[in-house]
Every structure is written in C-alpha cells, then in structure tokens.
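One-letter residues, chain by chain:
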Amino acid sequence: MATAQHSELNVEKLPSAEGLRIVVVVADWNASITEGLFKGAEAVLQQKGCTAIERVSVPGSFELVFGCAKALKTNPDAVIALGSVIRGETAHFDYVCQAVTHGIKDLNVLGNIPVIFGLLTDDTQQQAIARSGGALGNKGAEAAAAAIQMAKLSI
Ligand code: DLZ
C-alpha cells in the first residue's frame with residue numbers, strides 16, 4: 001500500500017512550459033476531486049508559462065484512455081489524464097484501475113508523445129480529498145510537472 005507522502009514538487013526548478021500545448025483529459029466521476037486535480041495542474045502549467053491548455057471531459061476514469069488516444073491525434077506536446085477512482089464494495093475498483101493503468105502505459109509505449117498518469121486510486125473519499133489540493137498536496141499539480149518535464153525530455 002502506498003504510504004501517505006507529500007511529494008517534493010518544486011515548480012521553480014521545472015523547465016519553462018512556454019510554447020507547449022498540453023491537453024488535459026478529466027473524468028467527470030468524483031467531480032469535486034477531479035476539479036481539484038485540474039485546478040492544481042492548470043496552476044502549475046500557467047505558472048510555467050503554458051498558454052495552450054486544452055481541457056477535455058470524459059464520463060469516468062475508464063474513458064480516460066479513449067480520451068487520451070483521441071487527444072494524441074491532435075499532436076500535442078503532452079497529454080495528462082486526471083481521474084479519481086474510490087474503492088466501493090465490489091471488484092469494480094480493481095478492474096477500472098487496472099484498465100486505466102495498462103491503457104495509459106500502452107499509449108506511452110506505442111506512441112512518442114508523453115501521456116501522464118494522474119489517476120487517484122483511493123480507499124476513501126477522505127484520502128482523495130487529501131491528494132487533490134488537501135493536506136497531502138495535489139497530484140494534478142504533480143502530473144502537470146511531469147508533463148512539462150517529459151515534453152522537454154531531450155535524449
Ligand atoms: C461505474 C464507476 C464506479 C462504480 N466508480 C467510479 C469511480 O470511482 N471513479 C471513476 O472515475 N469512474 C467510476 N465509474 C465509472 C467508470 O469509470 C465508467 O465511466 C463506466 O463504467 C462507463 O464505462
């Protein structure tokens with residue numbers, strides 16, 4: 001199980017995002033959580049000078065992979081997937097989490113544009129609140145930082 005850790009997000013140290021076009025695909029399920037994730041991502045992108053942030057909505061986290069695949073066809077510099085899956089009483093949680101994880105991994109392996117994994121997979125709503133702008137930071141902000149770093153990756 002992941003321990004409750006506050007990440008070391010240092011926005012100052014990130015490269016500039018000026019000139020980048022970033023598509024952010026956001027799931028509507030658990031909307032108050034995913035809105036917090038989007039706000040965190042948007043703030044970091046704007047702080048680093050990105051003026052081309054495009055937001056796309058999908059119904060739930062399961063649809064993030066399709067949304068990201070479509071976004072990739074528009075040739076952005078990076079795509080960020082933001083969703084929140086909260087464990088319920090059935091195995092549905094595991095199936096959705098695995099499908100999204102593998103789907104986004106496949107998009108990264110098969111393509112040449114980074115797709116960032118900003119999916120919260122929590123046992124409770126309190127855990128999701130803590131990670132979407134609460135006591136444990138904002139995983140959307142961290143996803144945006146990863147997107148900038150990966151878009152600027154030079155090898
Ligand atoms: C159906 C469902 C359930 C039970 N829970 C969540 C959730 O916690 N987070 C989320 O993003 N989506 C959930 N969904 C919706 C599925 O992701 C998907 O949208 C539907 O199964 C339709 O394909």
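## Details of helix H2 (residues 64-72)
And then number 1: Burial in H2 covers these residues: Leu64, Val65, Gly67, Cys68, Ala71 and Leu72. The arc enclosing the buried residues of H2, seen along the axis, measures out at 160 degrees, which places them on a common side. Exposed side of H2, more than 90 degrees from the buried face: Phe66 and Lys70 are the residues found there.
And then number 2: Buried residues along H2 sit against strand S1 (21-27), strand S2 (52-58), strand S3 (78-86), helix H3 (92-110) and strand S4 (115-122).

## Looking at the sheet that holds S1
And then number 1: Taken in spatial order, the four strands line up as S2-S1-S3-S4 in an open sheet, and their pairing is parallel. The open sheet has two edge strands, S2 and S4, and neither has a second partner. The sheet shows a mean angle of 15 degrees between the axes of neighbouring strands, taken without regard to direction.
And then number 2: With respect to the sheet, H3 is in contact with S3 and S4, its orientation differing from that of S4 by roughly 170 degrees.

## Re the nonpolar core
For soluble globular proteins, nonpolar side chains are generally found buried alongside one another.
And then number 1: Judged by nonpolar contacts, the single largest core of 26 residues is most densely connected at Ile22, Val24, Val44, Leu45, Ile80 and Leu82.
And then number 2: Looking at this core, the elements with two or more residues in it are S1, helix H1 (31-47), S3, S4 and helix H5 (139-151).
And then number 3: When residues no more than four places from it in sequence are discounted, the contact partners of Ile80 are Ile22, Val23, Val24, Val25, Leu45, Ile116, Ala143, Ala144 and Ala147.
And then number 4: Among the nonpolar cores identified, the runner-up in size contains 21 residues, and Leu64, Ala81, Cys97 and Ile113 belong to it.

## What to know about a nonpolar patch on the surface
And then number 1: Judged by side-chain polarity, Met150, Leu153 and Ile155 come together as a nonpolar surface patch covering roughly 380 Å² of accessible area.
And then number 2: With respect to the element layout, Leu153 can be found in the segment after H5.
And then number 3: For Leu153, a relative accessible area of 48% gives the class partly exposed.

## So, the packing of H1 against H5
And then number 1: Packing of H1 against H5 leaves a shortest axis separation of 6 Å and a crossing angle of 40 degrees. Between H1 and H5, the angle is such that the two are oblique. The element H1 and its partner H5 pack so that their crossing is right-handed. The residues of H5 that touch H1, namely those facing Leu37, Gly40, Ala41, Val44 and Leu45, are Lys139, Gly140, Ala141, Ala144, Ala145 and Ile148.
And then number 2: Taken together, the residues of the contact of H1 with H5 sort by class into eight nonpolar, two polar and one charged.

## Section: the side chain of Thr34
And then number 1: With respect to the helices, strands and loops of the structure, Thr34 is situated in helix H1.
And then number 2: Its relative accessible area of 2% is what places Thr34 among the buried residues.
And then number 3: At 2.8 Å, the side chain of Thr34 and the backbone oxygen of Ala27 are in polar contact.
And then number 4: In this structure, Thr34 is in contact with Val26, Ala27, Trp29, Leu82, Gly83 and Ser84, ignoring residues within four places of it in sequence.

## Remarks on the site of the ligand
And then number 1: Taken together, the neighbourhood of the ligand is formed by Trp29, Asn30, Gly60, Ser61, Phe62, Glu63, Ser84, Val85, Ile86 and His92.
And then number 2: Here an oxygen atom of the ligand and a backbone polar atom of Phe62 are 3.1 Å apart.
And then number 3: Alone, the ligand offers 490 Å² of accessible surface; in the complex the protein occludes 71% of this.
And then number 4: Its residues assigned to classes, the shell around the ligand comprises four nonpolar, five polar and one charged.

How each quantity is defined
- Starting afresh in each chain, residues are numbered from 1 along the sequence in its written order.
- With pLDDT at 70 or above as the cut-off, local features in this predicted model cover only qualifying residues; side-chain atom pairs require 80 or more to be listed or tallied, and sums for whole chains, interfaces and linings still use all residues.
- To obtain the side-chain values, all non-hydrogen atoms of the structure were used and water was disregarded.
- Any residue under 20% of the maximum accessible area for its type is buried, any over 50% is exposed, and the rest in between are partly exposed; the area is computed with a 1.4 Å probe on protein chains only.
- Numbering of helices and strands runs from the N terminus; a helix is a DSSP stretch of H or I covering at least four residues, while a strand is a stretch of E covering at least two.
- Arc, as used here, means the arc of the directions from the helix axis to the C-beta atoms.
- Two residues form a contact once any of their heavy atoms are found within 4.5 Å.
- Two strands are counted as paired when DSSP detects at least two bridges linking them.
- In this analysis an axis means a line fitted to C-alpha atoms, helices contributing only their contacting stretch, and an angle means the value between N-to-C directions, from 0 to 180 degrees.
- In this description, a nonpolar core means a group of buried Ala, Val, Leu, Ile, Met, Phe, Trp, Tyr and Cys residues linked to one another through side-chain atoms lying within 4.5 Å.
- Only residues above 30% relative accessible area that lack a salt bridge enter a patch, with like-charged residues linked at up to 9 Å and the nonpolar side chains Val, Leu, Ile, Met, Phe, Trp and Tyr linked at up to 5 Å.
- In this description, accessible areas are obtained by the Shrake-Rupley approach with a 1.4 Å probe, and a residue is regarded as covered only by the protein chains that are shown.
- We define a salt bridge as a side-chain nitrogen of Lys or Arg found within 4 Å of a carboxyl oxygen belonging to Asp or Glu.
- These descriptions rest on fixed angle ranges, namely under 35 degrees for roughly parallel, over 145 for roughly antiparallel, 65 to 115 for roughly perpendicular, and the rest for oblique.
- The hand of a helix crossing depends on one turn: near helix anticlockwise from the far one by less than a right angle means left-handed, and clockwise means right-handed.
- Ten residues, namely Ala, Val, Leu, Ile, Met, Phe, Trp, Tyr, Cys and Pro, are considered nonpolar, four, namely Asp, Glu, Lys and Arg, are considered charged, and the remaining ones, Gly among them, are considered polar.
- We define a polar contact as two N or O atoms separated by no more than 3.5 Å, with the added condition that, inside protein, one atom must be a possible hydrogen donor and the other a possible acceptor, whereas residues neighbouring each other in sequence contribute only through side-chain atom pairs.
- Any residue with a heavy atom lying within 4 Å of a molecule or strand is counted as near it.

Any functional reading would require information beyond the geometric quantities listed.
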